[in-house]
Amino acid sequence: MNLLRRFGLPERLLAILLLVALIDFAANTLLFDRASAFALRQDDAARIAETLVVASRAIERTPVKDRPGVAQALSSPRFVMAWTPNGSRASGSLALSTLRAQVVEHSPELAPSDLQLSLKSLPGGGNVSGTMILPDRTVLRFETSASGAWTLNLGRIASYLLPTVVLAVLAWALFHFTLRPLERLVEASRLVGSGQPRPLEEAGPEEVRQLIRAFNQMQQRIHRSLQTRTQSMLAIGHDLRTPLSRLQLRLENASLSPATLAEMDGDISEMRHLLASLQAFVESGGTNIPAERIDLAAMAATLVDSAQDEGKDATYDGEDRLEIMARSVSIRRALSNLIENAIHYGERARVSVRREGRDAVILIEDDGPGIPDGRLDDVLQPFVRLDNARQRDTPGMGLGLPIVRRAVKLERGSLHLLNRDGGGLTAVIRLPGAVV
């Protein structure tokens with residue numbers, strides 16, 4: 001194990017390639033070794049043996065000058081023979097010792113003839129060729145077709161490809177095992193900043209372990225930075241509430257005109273609203289709150305009833321009961337923000353909740369001016385306002401929709417804003433995990 005840890009990523013990948021090459025060499029060697037031991041079917045071996053015995057006897061009894069003609073006369077389309085007086089013999093492309101043993105075993109009298117066989121791979125079939133020495137040291141050459149010869153059929157192609165497929169699977173498994181720590185690192189990087197840091201186990205080559213170590217340190221720094229930012233924002237919001245309360249008390253005892261008092265009271269109320277929005281935005285990213293079983297339909301209907309009690313135009317249409325696993329506080333805040341926006345900008349809010357498979361889908365529609373198509377993504381960013389930044393006829397500081405988006409994302413859901421054809425805006429929330 002210690003020796004393996006010394007190998008870096010390049011060394012491990014090279015070792016895998018060398019291992020695959022070694023196995024490929026061994027497999028090919030085994031295939032060719034088996035090819036050299038290739039055996040004909042027994043009937044083909046018997047036919048070759050009987051034909052050679054008959055031909056050798058006939059040619060031995062024939063005068064030398066007539067032997068070429070006799071060899072040609074003994075030939076057939078499946079067994080071609082030729083006699084030559086010299087003893088030179090060309091070696092075949094592949095020696096077939098097992099074939100020779102089969103033929104000699106069937107006709108032992110061929111053993112002294114120094115029978116040599118070779119295999120020729122031809123389109124459509126395989127031919128066995130060979131030579132044998134007659135008692136007077138002349139040579140009889142022959143070539144015959146054999147049904148069991150080395151033919152390029154589907155089974156043989158499969159036998160050739162099988163080692164390659166096995167090696168490819170082996171190489172993939174080894175590469176996957178070697179790169180698995182990197183895959184875990186990629187998966188963990190998607191969760192950075194979304195909750196408590198999750199240190200990864202340092203594994204794999206030295207380069208990968210160094211990368212994982214640096215990643216663990218990085219996510220700890222990011223987590224501390226986010227905690228510091230959150231605590232600072234919450235502390236600022238909390239500390240500003242006290243002077244605002246004192247201003248409110250002093251304002252009540254101030255000798256000012258009613259119009260001035262109303263304006264100053266409105267400014268203080270707006271500052272309270274801004275601080276509340278900022279605090280809600282900071283708290284909406286928290287993942288420490290566990291998910292619980294909530295009735296989404298009842299929650300949406302209750303928010304609509306509250307808006308109606310305040311004299312606002314809001315309606316609900318949808319499921320009577322739809323339970324999901326989610327964080328109740330953040331989802332309620334998200335729905336409340338969307339309903340308030342629909343009423344403020346679109347004069348009315350139409351809310352519906354329905355089930356689509358295992359998802360819960362919430363639609364909130366209004367009859368307002370909508371949002372320019374080029375700004376639909378912009379309004380989901382923090383502190384972005386479509387109205388003039390100095391115009392205070394609209395409440396908030398551009399955090400309403402970002403709060404909704406963060407709350408929905410926390411539940412692994414999605415938020416989409418769509419302009420309606422007849423005018424107005426539709427907010428579509430899709431949350432997974434609806435309880436059946």
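The shown structure was predicted, so the numbers you read here are calculated from the model rather than taken from an experiment. Per chain, residue numbering runs from 1 following the sequence as it is written. pLDDT decides what is reported in this predicted model: residues at 70 or higher carry local features, side-chain atom pairs at 80 or more are listed and counted, and totals for whole chains, interfaces and linings draw on all residues regardless. No hydrogens and no water enter the side-chain calculation; it runs on all heavy atoms of the structure.

**Focus: the overall build of the protein chain**
What the protein chain contains, in helices and strands, is 11 helices and 11 strands. Across the 436 residues in the protein chain, those meeting the buried criterion constitute 36%. For the protein chain, the proportion of contacts with a sequence separation of at least 24, taken over those separated by at least 6, is 63%. Surface accessibility in these figures is a Shrake-Rupley result with a 1.4 Å probe; residues are shielded only by whichever protein chains are displayed. Accessible area for the protein chain stands at about 25400 Å²; split by element, carbon and sulfur atoms hold 58% of it. Only DSSP runs of H or I covering at least 4 residues are called helices, and only runs of E covering at least 2 are called strands; the numbering of each starts at the N terminus. The buried label goes to any residue with under 20% of its type's maximum accessible area, the exposed label to any with over 50%, and the partly exposed label to all in between, with areas taken from a 1.4 Å probe on protein chains only. Should any heavy atoms of two residues lie within 4.5 Å, those residues are considered in contact.

**A few points about the pattern of salt bridges**
We count a salt bridge whenever a side-chain nitrogen from Lys or Arg sits within 4 Å of a carboxyl oxygen from Asp or Glu. Summed over all chains, the structure comprises 17 salt bridges. Arg321 is the salt-bridge partner of Glu323, the closest N and O atoms lying 2.4 Å from each other. Taking the relative accessible area as the measure of exposure, Glu323 reaches 14% and is therefore buried. Overall, Arg321 belongs to the exposed group, its relative accessible area being 55%. Taking the shortest distance from any N to any O, the salt bridge between Arg350 and Glu365 comes out at 3.8 Å. Of this pair, Arg350 sits in strand β8 (residues 349-356) while Glu365 sits in strand β9 (residues 359-365), and the two are 15 residues apart along the sequence. Residue Arg350 is classed as partly exposed on the basis of its relative accessible area of 26%.

**Regarding the environment of Arg184**
With respect to the helices and strands, the residue Arg184 is situated in helix α6 (residues 154-189). Residue Arg184 is classed as partly exposed on the basis of its relative accessible area of 28%. Along the sequence, Arg184 and Leu200 sit 16 residues apart, while their C-alpha atoms lie 8.0 Å from each other. Those residues in contact with Arg184, other than ones at most four positions away along the chain, are Leu200, Glu201 and Ala203.

**Examining the packing of aromatic side chains**
The geometry of two aromatic rings is summed up by the distance between their centres and the angle between their planes. Only Phe, Tyr and Trp rings are paired, with Trp represented by its six-membered ring, and only when their centres lie within 6.5 Å; those with planes under 30 degrees apart are stacked, over 60 edge-to-face, the remainder tilted. The tally for this structure, following the rule as stated, stands at 1 aromatic pair. Each ring, one from Phe79 and one from Phe142, has its centre 5.7 Å from the other, and the planes form 20 degrees; the classification is stacked. Here Phe79 is found in strand β1 (residues 79-84), whereas its partner Phe142 is found in strand β4 (residues 139-145), with 63 residues between them in sequence. For Phe142, a relative accessible area of 4% puts it in the buried group.

**Some words on the confidence of the model for the protein chain**
Confidence of the prediction at every residue is given by pLDDT, a number between 0 and 100. Per-residue confidence for the protein chain gives a mean pLDDT of 77; residues scoring 70 or more make up 74%. The model gives residues 388-393 a pLDDT under 50, and that stretch makes 6 contacts with residues more than four places away or in other chains.

**Some thoughts on the nonpolar core**
Within this scheme, the nonpolar core is defined by two criteria: the residues are buried Ala, Val, Leu, Ile, Met, Phe, Trp, Tyr or Cys, and they are joined through side-chain atoms within 4.5 Å. In terms of nonpolar packing, the biggest core is built from 40 residues, with Leu296, Ile324, Leu335, Leu417 and Ile429 touching the most fellow members. Among all residues touching Leu296, those that are not within four sequence positions of it are Leu322, Ile324, Ile331, Leu335, Val353, Ala360, Ile362 and Leu431. If you look at the next biggest cluster of nonpolar residues, it comprises 21 residues, including Ala55, Trp83, Leu117 and Leu140.

**Side note on helix α11 (residues 400-410)**
For α11, the full list of buried residues reads Leu401, Pro402, Ile403, Val404, Ala407, Val408 and Leu410. One or two residues past the end of α11 sits Arg412, with phi positive at roughly 60 degrees.

**A closer look at the sheet that holds β8**
Spatially, 5 strands are ordered β6-β8-β9-β11-β10 in an open sheet, and the strand pairing comes out mixed. Lying at the two open borders of the sheet, with one neighbouring strand each, are β6 (314-318) and β10 (414-419). When strand polarity is set aside, the average angle formed by the axes of neighbouring strands in this sheet is 15 degrees. Inspection of the sheet shows β6 paired to β8 by 5 bridges, in the parallel sense. Bridge pairing links Tyr316 to Val351 in β8. For helices, the fitted line uses only the C-alpha atoms of the stretch in contact; every axis is such a line through C-alpha atoms, and the angle between N-to-C directions lies from 0 to 180 degrees. In this fold helix α9 (residues 296-309) packs onto β6, β8, β9 and β11 (425-432), with an angle of close to 160 degrees to the strand it touches most, β6. With respect to the sheet, helix α10 (residues 328-346) is in contact with β6, β8, β9 and β11, its orientation differing from that of β9 by roughly 25 degrees. Here, a strand pair is defined by DSSP locating no fewer than two bridges between the strands.

**So, the side chain of Asn337**
Note that Asn337 resides in helix α10. Each residue touching Asn337, except ones within four places of it in the same chain, is listed here: Gly400, Ile403 and Val404.

**Regarding unusual backbone geometry**
For Asp114, which is not glycine, the phi torsion reads 50 degrees and is therefore positive. Within the secondary structure, Asp114 is located in the loop between α5 (97-106) and β2 (116-122). In this structure, Glu347 is a non-glycine residue whose phi angle is positive, near 70 degrees. The topology assignment puts Glu347 in the loop between α10 and β8. For Glu347, a relative accessible area of 56% corresponds to the exposed category.

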